[in-house]
Amino acid sequence: NAGVTQTPKFRVLKTGQSMTLLCAQDMNHEYMYWYRQDPGMGLRLIHYSVGEGTTAKGEVPDGYNVSRLKKQNFLLGLESAAPSQTSVYFCASSPRGGGHTGELFFGEGSRLTVL
Amino acid sequence: DAKTTQPPSMDCAEGRAANLPCNHSTISGNEYVYWYRQIHSQGPQYIIHGLKNNETNEMASLIITEDRKSSTLILPHATLRDTAVYYCIVRLPHTGANSKLTFGKGITLSVRP
């Protein structure tokens, strides 16, 4: 099993450009999440999904959109990138509750720089 | 979710036990205590969680006080590879919207040779 895979791992954008980060998990998990992490700070939740076709806002959703068309994939889009979106982005997934530990499985991160 | 308070940093000697404290005085009766760690530049990794009783697994032990207002994560024999940021998180049972985790700044553990 690959677990949680993020693509791309590194990207440099110019202000105003758009891009999509892809998160793929092969564990058949119901729940998926996108976090961002800035220097000296913990992770902040951007958006999350509790199932295919459903998404919800987290703490810092502005400037981002997401889609969960397939259970295994969770896409994070930046329509018009801004320097404030320079960050490391982490995707995570977890199984539905009911006997599970509630553990989130994280990807290795995607480092995005907006110039 | 209840808020947690952790000191910003601590260190310990390699081979000794590392005791990482966490305060969660506003925890409610059905909220769990979770611990994750993040080694530099990597994604966070689950360590352990508990509700009321002390818990132990192959990575660590979790001691929760009787009033549940604080807890301690114990790494029994710290190694250099345990140098990381450790997050103490409190959350409701893992279903639906409650499944998300809210991270604070965590505590940076430095293990010295």
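Residues numbered from 1 in each chain as written. Chains lettered and ligands numbered in written order. Predicted model: local features only at pLDDT ≥ 70, side-chain atom pairs only at ≥ 80, totals over all residues. Heavy atoms only, no water.

## A look at the overall build of chain B
- When its secondary structure is counted, chain B shows 0 helices and 9 strands.
- Helices and strands appear in chain B in the N-to-C order β-β-β-β-β-β-β-β-β.
- The C-alpha radius of gyration of chain B comes to 13 Å, within 12% of the 13 Å expected for a compact globule of 113 residues.
- For chain B, buried positions account for 43% of its 113 residues.
- The contacts in chain B between residues at least 6 apart in sequence include a share of 58% that link residues at least 24 apart. (Helix = DSSP H or I, 4+ residues; strand = E, 2+ residues; numbered from the N terminus. Rg over C-alpha atoms; globule rule 2.2 N^0.38 Å. Buried < 20%, exposed > 50% of the residue type's maximum accessible area, 1.4 Å probe, protein only. Contact = heavy atoms within 4.5 Å.)

## Quick look at the sheet that holds strand β9 (residues 107-112) of chain B
Residue and element names in this part refer to chain B.
- Read from one edge of the open sheet, 5 strands run β1-β9-β8-β3-β4, paired in mixed fashion. With partners counted over all chains shown, the strands left at the sheet margins are β1 (9-13) and β4 (45-50), one partner each. When strand polarity is set aside, the average angle formed by the axes of neighbouring strands in this sheet is 25°.
- Summarising the sheet, strand β3 (residues 32-38) and strand β8 (residues 84-91) pair through 7 bridges and their orientation is antiparallel. Across the sheet, Trp-35 pairs through a bridge with Cys-88, a residue of β8. (Pairing = 2+ DSSP bridges. Axes fitted to C-alpha atoms, helices over the stretch in contact; angles between N-to-C directions.)

## Regarding the sheet that holds strand β8 (residues 73-78) of chain A
Residues and elements named next belong to chain A.
- Judged by pairing direction, the sheet is antiparallel, and its 4 strands sit side by side in the order β1-β3-β8-β7 without closing on themselves. The sheet terminates laterally at β1 (4-7) and β7 (65-67), the two strands that pair on one side only. With strand direction ignored, the average angle separating the axes of adjacent strands in the sheet is 20°.
- Two strands pair when backbone bridges link them, and β7 and β8 are joined in this way by 3 bridges, in the antiparallel orientation.

## Quick look at the nonpolar core
All names here are of chain B.
- Within the largest apolar cluster, 22 residues are counted, with the highest numbers of intra-cluster contacts made by Leu-20, Trp-35, Leu-73, Tyr-86 and Leu-109.
- Taken together, the elements giving at least two residues each to this core come down to β2 (18-23), β3, β4, β6 (61-64), β7 (70-75), β8 and β9.
- With 4 residues, β8 is the single largest residue contributor to this core.
- Leu-73 has contacts with Ala-18, Asn-19, Leu-20, Trp-35, Ile-47, Ile-48, Ala-60, Ser-61 and Tyr-86, leaving out every residue within four places of it along the chain. (Core = buried A, V, L, I, M, F, W, Y, C linked by side-chain atoms within 4.5 Å.)

## Details of the side chain of Gln-25 of chain A
Residues and elements named next belong to chain A.
- The residue Gln-25 is located in strand β3 (residues 19-25) in this model.
- Among the polar contacts listed, one links the side chain of Gln-25 to the backbone nitrogen of Met-27, at a separation of 3.0 Å.
- From its side chain, Gln-25 meets the backbone oxygen of Lys-71 in a polar contact 3.3 Å long.
- Gln-25 has contacts with Gly-3, Val-4, Met-32, Arg-68, Lys-71, Gln-72 and Ser-93, leaving out every residue within four places of it along the chain. (Polar contact = N/O pair within 3.5 Å; in protein donor to acceptor, adjacent residues only side chain to side chain.)

## Some words on the interface of chain A and chain B
- The partner chain B presents 22 residues to the 25 residues of chain A that form the contact.
- If you sort the residues of chain A by the area they bury against chain B, Leu-43, Thr-101 and Phe-106 of chain A come out on top, with a joint share of 24%.
- Viewed at the interface, chain B and chain A are joined by 0 salt bridges.
- Of all the secondary structure elements, the ones that give two or more residues to the side of chain A that touches chain B are β4 (31-37), β5 (43-51) and β9 (87-94) of chain A.
- Of the residues in the side of chain A that touches chain B, the class split is 12 nonpolar, 8 polar and 5 charged. (Buried area = accessible area lost by both parts, 1.4 Å probe. Salt bridge = Lys/Arg side-chain N within 4 Å of Asp/Glu carboxyl O. Nonpolar A, V, L, I, M, F, W, Y, C, P; charged D, E, K, R; others polar.)

Don't take any of this as a statement about function, it's just geometry.
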